[in-house]
Structure formats: structure tokens, C-alpha cells
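Report on the structure
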Amino acid sequence: MLKTSPGSQSGPSALGSLEKRLTGREPDDSVVPQSVRRAVRLMLAGGALTALVGIFLIVATIADKSALTDSNGKQVTTGEFSGDLAWIVVEYVIVVAMWVLMARYNRAGRTWARILASVFAAISTYDCFSLVNGLTDGESITVVGYVYIVSTIAVWAIGVVAIAMVWRSESGVYYKARSAMAR
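Computed from a predicted structure; not experimentally measured. (Residues numbered from 1 in each chain as written. Predicted model: local features only at pLDDT ≥ 70, side-chain atom pairs only at ≥ 80, totals over all residues. Heavy atoms only, no water.)

1. Some points on the pattern of salt bridges
Per the stated rule, a full pass over the model turns up 1 salt bridge. E170 is paired through a salt bridge with R168; the nearest N and O atoms lie 2.9 Å apart. Residue classification places E170 among the partly exposed residues on the basis of a relative accessible area of 32%. (Salt bridge = Lys/Arg side-chain N within 4 Å of Asp/Glu carboxyl O. Buried < 20%, exposed > 50% of the residue type's maximum accessible area, 1.4 Å probe, protein only.)

2. Regarding the layout of surface pockets
What the largest pocket holds in volume is close to 790 Å³. In terms of lining residues, the largest pocket is bounded by 30 residues, among which V95, W99, S124, D127 and V155 are the most central. Going through the elements one at a time, helix 2 (34-63), helix 3 (78-107), helix 4 (111-133) and helix 5 (143-166) are the ones with two or more residues in the lining of the largest pocket. Here the residues of the lining of the largest pocket are counted per class, giving 23 nonpolar, 5 polar and 2 charged. (1 Å grid on protein atoms, 1.4 Å probe; cavity = no way out; pocket = protein on both sides within 12 Å on 5 of 7 lines; lining within 4 Å. Points joined across faces, edges and corners; volume = space filled by probe spheres on them. Helix = DSSP H or I, 4+ residues; strand = E, 2+ residues; numbered from the N terminus. Nonpolar A, V, L, I, M, F, W, Y, C, P; charged D, E, K, R; others polar.)

3. Here we look at a nonpolar patch on the surface
Taken together, L101, Y105, W112, I115, L116, V119, I123 and W167 make up a surface patch of nonpolar side chains, about 730 Å² in accessible area. Contributing elements (two or more residues each) for the nonpolar patch: helix 3 and helix 4. Broken down by element, the nonpolar patch gets its largest block of residues, 5 residues, from helix 4. Counting through the fold element by element, V119 comes out in helix 4. (Patch = residues over 30% accessible without salt bridge, like charges linked within 9 Å, V, L, I, M, F, W, Y side chains within 5 Å. Areas by Shrake-Rupley, 256 points an atom, 1.4 Å probe, with all protein chains shown as cover.)

Have a look at this one:
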């Protein structure tokens, strides 16, 4: 069992503290409906899982550099390897930032953020389908591939559930009220 110092937070209070830092508001604000709060927490969890996947892919790529080949089957050069690694870092930093921004703006009741998050979920659905549909019989999949596939499906599921939460009727009332206040 992990020991914590008396002043440290654990469990729900630690998540609430993290949520406050990332969204800029109190996590249990009574104005925000439960469905939106849950969606925000799911979006933050999606961002955290995406960050873990990105770190895993970076470590796996560095650990197995010798297995990387270009489109011609030749081993990649150090420059190509560095460029690929930098691209992975940039890509995952952007995606994690999008998760956090969608959480912030959906919590704030921005209608455009709910629509944009839905568009991102639709794109993620297509990407997830393409990934699974692209698996063919007889093709060998590495452990890294399995981890990537499972984590991609998990991130997709988190996003879909979060979108379902922001489109619930009580969430709609909140978004309409926040839009009316902004005018």
C-alpha cells in the first residue's frame, strides 16, 4: 500500500485538485450539471491516457530503433529517426492539449466546444475503425502494436462516452444558459 504524507491528497480530492488546475474552476461547482462534470473528467482522463500512450510509443521507438525501416526497407538514418521521434512528441503534445482545452471549454459551457469535441470524436471513430479494419489475417503484430491498438480503442471509448454526456438533456440546458449569459 502506498503511504502518503498527512498533507497530501489522494483519491477523489486529488482528482478534484487536478481538475481545478486544468479547468480553472472548482470541480464540484453546483452550477455545472453532473453530466458535464463527468464528461470533463472523462476528457481529462482521455488526455492522461493519450499522454501515457505517447510516452510509451516514444520509449518503445527509442528501445527498438534498429527495427525501424523506411518505405524502401532500408534502416532509417539518425536524422530520419530524430525527425520521426520529434513528430511523435509534437503530435501527442497537441492531442493532449486538445483534450485539456475541450475539457476547459466544455466545463465553461461553450457550445462551440461541445460541437468541436463531437467532431473530434467522429474523427477518432473513423481512425479507430480504420485501425481495426486494417488488421489482416496472417499479419504479425508486435506487443507494441497490441498495446497501441488496445489503448487507441480505450481512448476512443472514453471520448465517445464524454460526448454522450455533453449531449444529455441536462447538459443542453446548461449550454443554453451559458450561451444566453455570454450575449
